[in-house]
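Observations on the three-dimensional arrangement
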Amino acid sequence: MAKFLNTRKAVSEIEDLIRNAETRLILISPYLKLSKDFKELLTYRNSKDKITTVIFGKQELNPNEMKFLQGLRFVILKYNQDLHAKCYLNDDKMIITSLNLYEFSINNNKEMGVLVDLNVESDKELFEDAYKEIDFIDETSERFEFTSISEVVKTEKKETQQKIINSSSSKLLTTKELAQTTGLSSRKVNSWLTDNKLMYKKEDDWLTTKRGKEIGGIEKSGQYGQFIIWPEEIGKQIAE
């Protein structure tokens, strides 16, 4: 059954949840002011080319915080002005709690929460019900664009984006090519991309989702309908 967490245990379990996440990591917190430990965990995950979705609801990020999150290529940052929920989710564990990813809250507030484990039979229904709401929040949140950072940071962002475009232009692969590089079947690669909500099929055409476009998926037209090409780096995640 779901496990009760006090403040100290909630912080520890969230750290473990981030550290042990494989394909999926979604962090939902109205307030964002990350501690040094959380920044290190996200930086390490980003270095492994693993996607993290962060959804927040209060635009109170200082320039340094913005610059840090902007520099993590595989972090998708989203904004939802109505957000008040706090929930942290990886492939098989979920923490629903009163705790924000806010350093002051972690160090000073009295918080509570519950840990739900998909691998525990009695937790499965709760996990799946909560995930439906998380998915709804994710899909109805908007990609956050930095508008209040300095011109220096804006320039760095443009330069970083241009480097990504330049490096990706010669390393974009079809699903079949991704299958060859990962040693998996095309069907399994397609399943991974659809399960992670990066693309979907409409009649005979493959289309990118908003999330798919954010990580570099590009739609192309061919003899047999529309298909998608992907940055070569995504093959590392598929193969894991």
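Located above this text is the structure these notes cover.
What you see is a predicted model; the values in this text were computed from it and never measured. (Residues numbered from 1 in each chain as written. Predicted model: local features only at pLDDT ≥ 70, side-chain atom pairs only at ≥ 80, totals over all residues. Heavy atoms only, no water.)

Focus on the sheet that holds strand β1 (residues 3-6)
Taken together, the eight strands give an open sheet; going across it, the order is β1-β9-β7-β6-β2-β4-β5-β10, and neighbouring strands pair in mixed fashion. Of all strands in the sheet, those with a lone pairing partner are β1 and β10 (142-143), marking the two edges. In terms of strand pairing, strand β2 (residues 25-28) meets strand β4 (residues 52-56) through three bridges, oriented parallel. What sits directly across from Ile28, in β4, is Ile55. Sitting on the sheet, helix α2 (residues 36-47) touches β2, β4 and β5 (75-79), and the angle it makes with β2 is about 150°. (Pairing = 2+ DSSP bridges. Helix = DSSP H or I, 4+ residues; strand = E, 2+ residues; numbered from the N terminus. Contact = heavy atoms within 4.5 Å. Axes fitted to C-alpha atoms, helices over the stretch in contact; angles between N-to-C directions.)

What about the sheet that holds strand β15 (residues 225-231)?
Within the open sheet, the three strands sit side by side as β11-β15-β14. Their pairing is antiparallel. The open sheet is flanked by β11 (172-173) and β14 (218-222), the only strands paired with a single partner. Of the pairings in the sheet, the one linking β11 to β15 comprises two bridges and is antiparallel in character. Bridge pairing in β15 places Leu172 opposite Pro231.

A few points about helix α1 (residues 7-20)
In this model, α1 (14 residues) spans 20 Å end to end at C-alpha, consistent with the 20 Å of a helix rising 1.5 Å per residue. Turning to α1, its buried residues are Thr7, Ala10, Val11, Glu13, Ile14, Glu15, Leu17 and Ile18. Where α1 begins, one side-chain oxygen reaches toward the backbone nitrogen of Arg8, 3.3 Å away; that side chain belongs to Asn6. (Expected span 1.5 Å × (residues − 1). Buried < 20%, exposed > 50% of the residue type's maximum accessible area, 1.4 Å probe, protein only. Polar contact = N/O pair within 3.5 Å; in protein donor to acceptor, adjacent residues only side chain to side chain.)

Scope: geometric values only; no functional claims are made or implied.
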